[in-house]
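# A look at the structure
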Amino acid sequence: MNREQMKVILDKIKAYEKIIIFRHKRPDGDAVGSTKGLCEILKLTYPEKQIYIINNDYSDFTGFLGGEDEARPDEFYADALGIVIDTATIDRVSNPKCALCKELVKIDHHIDRTPYGDVSWVEEEKSSACEMIADFYAAFSDELKINSAAATYIYAGMVTDSGRFRFRSVTGDTLRAAAMLLDQGIDTDTLFANLYMKEFHTLKFQAHVYKKMKISPAGVVYLYIDRAMQKKFKLTSEQASASISYLESIKDSLIWLVCIENGDGTARVRLRSRFVTINELAERYNGGGHACACGATVHNKKEFKALVNDADALLQDYKANHEGWL
Ligand code: AMP
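Just so it is clear, the model here is predicted, and its values are computed rather than measured. (Residues numbered from 1 in each chain as written. Predicted model: local features only at pLDDT ≥ 70, side-chain atom pairs only at ≥ 80, totals over all residues. Heavy atoms only, no water.)

## Here's the deal with unusual backbone geometry
Most of the time, phi is negative for any residue but glycine, and the peptide bond is trans. The residue Arg164 is not glycine, and still its phi comes out positive at about 60°. Since its relative accessible area comes to 31%, Arg164 is described here as partly exposed. Positive phi outside glycine occurs at Lys234, with the angle close to 50°. Here Lys234 lies in the loop between α9 (227–232) and α10 (237–241). (Buried < 20%, exposed > 50% of the residue type's maximum accessible area, 1.4 Å probe, protein only. Helix = DSSP H or I, 4+ residues; strand = E, 2+ residues; numbered from the N terminus.)

Dropping the structure here:
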């Protein structure tokens, strides 16, 4: 925990009447949970302040965790403190108007390749941005207020970004923060029902994924999802993207990839791995991310195949020089 950096951020929050909170595009549970959680804590603690969450795109998580505030004109931002959470680079922020804020704070747990903001608090080893928001609350619990709604948002982000507390970034501190949140009274039945329920046609798609997935010589499992497949199974791009998780537990396949056509001449690649570090691979294809979870962008099937070949070479090299993987 970095109390000094947190104190600088708390002082900024105290100094402003208007605070606008932002997150990344295509929001996941951590992006929505951390922004909604901080917003709720600040609204409870400072009822006299104007606190907003204003973004440009939404997802299932903005659906079940609740809405955000409506778009505002440029001049609305000029006297505000902006707080961007869970977003490594400024171009990934959902609402580019964050740059119009008087000052900008960055709170993030991704690799800090291109820092931004007037104040930056980045802890790359944290399991989620939500864990950082929980730490922020805990550091100043004598003056900040929390309730079960705020705790639910933050807990939802911690649960989803840590693979249900499974990833190696999860520490004793993570679980102590989660315990503190549970003590606020979270309806975990409803939360997990929202996280696990699947549509009938989504399960049909899952069966199709297992039929179509391919494996490279070294064991990279991959799948290309074109527009026709998305149409056939009536998938949103988010549902198509979720297929990355179907490929995660295949023995000897330490790297797995899905490529989803966007319909605008680009395709989104999601990259995941066990043991092997893949962010440098993602960076070669207009992407980046964490050591074992990355995103990238390609422009056609041929470029995706090149990425698969590079992943295959990486995995072959890893297997030749390491033991104990599975
Ligand atoms: P995703 O597959 O979208 O869940 O992304 C996995 C991780 O990689 C997330 O932490 C993202 O922040 C990061 N990431 C995804 N796409 C990109 C990109 N184009 N450039 C840099 N980082 C990315």
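## Brief notes about the packing of aromatic side chains
One pass over the structure, following the stated rule, counts 13 aromatic pairs. With 6.2 Å between their ring centres and 85° between their planes, Phe76 and Tyr77 make a pair best called edge-to-face. For the pair shown, Phe76 and Tyr77 are each scored as buried. Here the aromatic rings of Phe205 and Phe233 are separated by 5.6 Å at their centres, their planes lie at 55°, and the arrangement is tilted. (Phe/Tyr/Trp six-rings, centres within 6.5 Å; stacked < 30°, edge-to-face > 60°.)

## Description of the packing of helix α4 (residues 129–139) against helix α5 (residues 148–161)
Two quantities define a packed helix pair, namely the angle between the axes and the distance from one axis to the other. Running from amino to carboxyl end, α4 crosses α5 at an angle of 140°, the nearest separation of the two axes being 7 Å. Classified by the interaxial angle, the pair formed by α4 and α5 is oblique. When you trace α4 past α5, the crossing you get is left-handed. Taken together, the residues of α5 that come into contact with α4 (itself represented by Cys130, Glu131, Ile133 and Ala134) are Tyr153, Ile154, Gly157 and Met158. Here the residues of the contact of α4 with α5 are counted per class, giving six nonpolar, one polar and one charged. (Axes fitted to C-alpha atoms, helices over the stretch in contact; angles between N-to-C directions. Parallel < 35°, antiparallel > 145°, perpendicular 65-115°, else oblique. Left-handed = near helix turned anticlockwise from the far one by under 90°. Contact = heavy atoms within 4.5 Å. Nonpolar A, V, L, I, M, F, W, Y, C, P; charged D, E, K, R; others polar.)

## Notes on the site of the ligand
By nearness alone, 13 residues border the ligand, and Arg92, His110, Arg268, Arg270 and Arg272 come closest of all. Contact between the ligand and Arg272: an oxygen atom at 3.0 Å from a side-chain N or O atom of the residue. Between the ligand and the protein, one listed contact pairs a nitrogen atom with a backbone N or O atom of Gly288 at 3.2 Å. Coverage of the ligand by the protein chains reaches 79% of its 470 Å² of free accessible surface. (Near = heavy atom within 4 Å. Polar contact = N/O pair within 3.5 Å; in protein donor to acceptor, adjacent residues only side chain to side chain. Areas by Shrake-Rupley, 256 points an atom, 1.4 Å probe, with all protein chains shown as cover.)

## Thoughts on α4
Counting buried positions along α4 gives 10 out of 11 residues, so the element sits mostly inside the fold. Taken together, the buried positions of α4 are Ala129, Cys130, Glu131, Met132, Ile133, Ala134, Asp135, Phe136, Tyr137 and Ala139.

## Comments concerning the pattern of salt bridges
Side chains that carry opposite charge are capable of pairing whenever their charged atoms lie near each other. If you walk through the whole model with that rule in mind, you get 16 salt bridges. Among the ionic pairs, Glu68 bridges to Arg23, the shortest N-O distance being 3.0 Å. A residue pair is termed long-range when its members are at least 10 positions apart, and Glu68 in the loop between α3 (60–64) and β3 (81–85) and Arg23 in the loop between β1 (18–22) and α2 (29–45) qualify at 45 residues. The pair formed by Glu68 and Arg23 is uniform in burial state, with each residue classed as buried. One salt-bridge network, held together by shared partners, links Arg23, Asp57 and Glu68. (Salt bridge = Lys/Arg side-chain N within 4 Å of Asp/Glu carboxyl O.)

## Examining the sheet that holds strand β8 (residues 255–261)
Adjacent strands of a sheet pair through backbone hydrogen bonds, lying either parallel or antiparallel. In space, the six strands of this open sheet follow the order β6-β7-β8-β9-β11-β10, with mixed pairing throughout. Since the sheet does not close on itself, it has two edges, and those belong to β6 (214–215) and β10 (288–289), each with one partner. Bridge analysis of strand β9 (residues 267–273) against strand β11 (residues 293–298) gives six bridges, and the strand direction is antiparallel. Note on β11: the bridge partner recorded for Arg270 is Gly295. (Pairing = 2+ DSSP bridges.)

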